[in-house]
Amino acid sequence: MRNNASEILNRIVEKARATAPLAAREGMLPYGGEGGRWRPSPFDGNSWWTGGFWPGAMWLLYAATGECLFMDEARRTEALLTAELRAFKLLNHDVGFMYLLSCGADFKLTGDAQAETDCLHAASLLMGRFNPAGFIRAWNEVDRVGYAIIDCMMNLSLLFWASRRTGDPRFDHVARIHADTTLRHFMRPDGSVSHIVEFDPQTGAPLREHAGQGYALGTAWSRGQAWGLYGFALAFACTGDGRYLEASRRVADFFIAHIRPDGLTDCDFMQPALPERIDNIAGACGASGLLTLAELTGEARYREAGERLLDGMIERCCDLSPGRCGLLTHCTASYHDDAAGVHTNIVYGDFFLIEALLKVLNKNPNLWRPN
Ligand code: GLY
């Protein structure tokens, strides 16, 4: 890396020591930073799918420093999320993101028994979304009963974890069936992945694709590519099935070919040149996925590409000043839906940035992997 990862991490830790207590003072779960304040999710309160990234970031910083401040803040917000398990109705397949990075991280780093129980509860909820016709249902709307989305590849880690904890292979079977369906119906010949595929909920036959958070139907939403490359790499790490590693490589090669010369990431790799729409969440998640792929394959080119992304973001889009909340600028939740945030700070970009830096520094606690 051109930048000194250790020095950047020290500045992030210093900044977080000052900004994490601001969230605690307001009793809220941050979705993103805005000047000197944190803002909550614009949708669904603490049930919104991004809820796990803040406690996840706090657990990463705790793993890196051992400082109780970060553990306490992670636990404070973990309690907000476990309350949502009881509310239940707004939760969907993204319980993997939400609970593996909060309760799962707590259990991994501290051995807390209640955190393990809560995480198993979330895993059971995710398994309950499995349609035996061959896929995990993504969302709850009655007209989306057959929808599955590429993002779910990341949620499968919760199922692999649960199989390991319980000794019950059902979680593992379901995760593999869903991953195989994704291999068959989301992978495109050029190595990119689709975002949303609708299946017949009775037979499992693919019916049609839908446009999602990218530019248009059939284009390549960059964060979806990052979910695919990282999710398949994790599926390989959890199962040893080489088909998943091959899929991860193919998506990674497509992603690498589209990294901008300045190291930033467009929101969609097939978007028009103007207006400029950057999504550094995709860049950070892509970087972290590429570093894992480098570890799994031993290939330096994946590490170099991950570090190129990190350098681009650190030099152009990373706010390390102690007075403001949030790190990465130019995060874009969705190409067309401005309500979720455009060119702003969003918490999961920061999570993946910190995670990728910890990988560079060999300090990553591997929150997505069972051991
Ligand atoms: N999982 C939804 C997203 O990436 O925005």
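The present account deals with the structure reproduced in this document. (Residues numbered from 1 in each chain as written. Predicted model: local features only at pLDDT ≥ 70, side-chain atom pairs only at ≥ 80, totals over all residues. Heavy atoms only, no water.)

### Observations concerning the overall build of the chain
Next, step 1: Of regular secondary structure, the chain possesses 12 helices and 7 strands.
Next, step 2: Within the chain, buried positions represent 61% of all 371 residues.
Next, step 3: Sequence separation of at least 24 residues holds for 68% of the intrachain contacts in the chain that already meet a minimum separation of 6.
Next, step 4: Per element, the accessible surface of the chain, about 13600 Å² overall, is 50% carbon and sulfur. (Helix = DSSP H or I, 4+ residues; strand = E, 2+ residues; numbered from the N terminus. Buried < 20%, exposed > 50% of the residue type's maximum accessible area, 1.4 Å probe, protein only. Contact = heavy atoms within 4.5 Å. Areas by Shrake-Rupley, 256 points an atom, 1.4 Å probe, with all protein chains shown as cover.)

### Description of the sheet that holds strand β5 (residues 147-149)
Next, step 1: On the basis of which strands lie adjacent, the open sheet formed by 3 strands has the order β5-β6-β7 and antiparallel pairing. Looking at strand neighbours, the two that pair on one side only are β5 and β7 (206-210), the edges of this open sheet. Averaged over all neighbouring strand pairs, the angle between strand axes comes to 30°, with direction disregarded.
Next, step 2: Pairing of strand β6 (residues 196-199) with β7, which is carried by 4 bridges, proceeds in the antiparallel orientation. Bridge pairing in β7 places Ile196 opposite His210.
Next, step 3: Across the face of the sheet, helix α7 (residues 169-186) comes into contact with β5, β6 and β7 while running at roughly 105° to β6. (Pairing = 2+ DSSP bridges. Axes fitted to C-alpha atoms, helices over the stretch in contact; angles between N-to-C directions.)

### Section: unusual backbone geometry
Next, step 1: Leu274 connects to Pro275 through a cis peptide bond whose omega is 0°.
Next, step 2: Relative to the helices and strands, Pro275 is located in the loop between α9 (242-257) and α10 (280-297).
Next, step 3: Its identity is not glycine, yet Asp44 carries a phi of approximately 55°, on the positive side.
Next, step 4: By secondary structure assignment, the location of Asp44 is in the loop between β2 (37-39) and α2 (53-65).
Next, step 5: Overall, Asp44 belongs to the partly exposed group, its relative accessible area being 38%.
Next, step 6: The phi torsion at Phe88 lies on the positive side, around 65°, for a residue other than glycine.
Next, step 7: Relative to the helices and strands, Phe88 resides in the loop between α3 (68-87) and α4 (95-110).

### Observations concerning the site of the ligand
Next, step 1: Taken together, the residues surrounding the ligand are Trp49, Asp94, Asp151, Gln213, Trp221, Arg223, Trp227 and Tyr348.
Next, step 2: Trp227 is positioned with one of its side-chain polar atoms (N or O) 3.0 Å from an oxygen atom of the ligand.
Next, step 3: Contact with the protein chains removes 95% of the 200 Å² of surface that the ligand exposes when unbound.
Next, step 4: Counted by class, the shell around the ligand contains 4 nonpolar, 1 polar and 3 charged residues. (Near = heavy atom within 4 Å. Polar contact = N/O pair within 3.5 Å; in protein donor to acceptor, adjacent residues only side chain to side chain. Nonpolar A, V, L, I, M, F, W, Y, C, P; charged D, E, K, R; others polar.)

### Points about the state of the cysteines
Next, step 1: If you walk through the whole model with that rule in mind, you get 0 disulfides.
Next, step 2: With no disulfide of its own, Cys152 lies closest to Cys238 among cysteine sulfurs, the gap being 13 Å.
Next, step 3: Look at Cys152 and you get buried, because its relative accessible area is 1%.
Next, step 4: Not engaged in a disulfide, the cysteine Cys331 finds its nearest cysteine sulfur in Cys317; these two sulfurs lie 8.4 Å apart. (Disulfide = S-S within 2.5 Å.)

### Comments concerning the side chain of Asn92
Next, step 1: For Asn92, the location among the structural elements is in the loop between α3 and α4.
Next, step 2: Of the polar contacts made by the side chain of Asn92, one reaches the backbone nitrogen of Asp94; its length is 2.8 Å.
Next, step 3: Contacts of Asn92, omitting those with residues within four sequence positions, involve Leu125, Arg129, Ala138, Trp139 and Asn140.

### Observations concerning helix α5 (residues 113-127)
Next, step 1: The end-to-end C-alpha distance of α5, which contains 15 residues, comes to 21 Å, matching closely the 21 Å that a straight helix rising 1.5 Å per residue would cover.
Next, step 2: Buried residues of α5: Ala115, Glu116, Asp118, Cys119, Ala122, Ala123, Leu125, Leu126 and Met127, and no others.
Next, step 3: Of the surrounding elements, those touching the buried residues of α5 are α3, α4, β3 (130-131), β4 (135-136), α6 (152-166) and α7.
Next, step 4: For α5, the N-terminal cap is Asp112; the gap from its side-chain oxygen to the backbone nitrogen of Gln114 is 3.2 Å. (Expected span 1.5 Å × (residues − 1).)

### Focus: the packing of aromatic side chains
Next, step 1: For the coordinates displayed, the defined rule picks out 26 aromatic pairs.
Next, step 2: For the pair Phe135 and Phe199, a centre-to-centre distance of 5.1 Å together with 25° between the ring planes defines the contact as stacked. With a gap of 64 residues between them, Phe135 in strand β4 and Phe199 in strand β6 connect regions that are remote in the sequence.
Next, step 3: Here Phe135 falls in the buried class, since its relative accessible area comes to 1%. (Phe/Tyr/Trp six-rings, centres within 6.5 Å; stacked < 30°, edge-to-face > 60°.)

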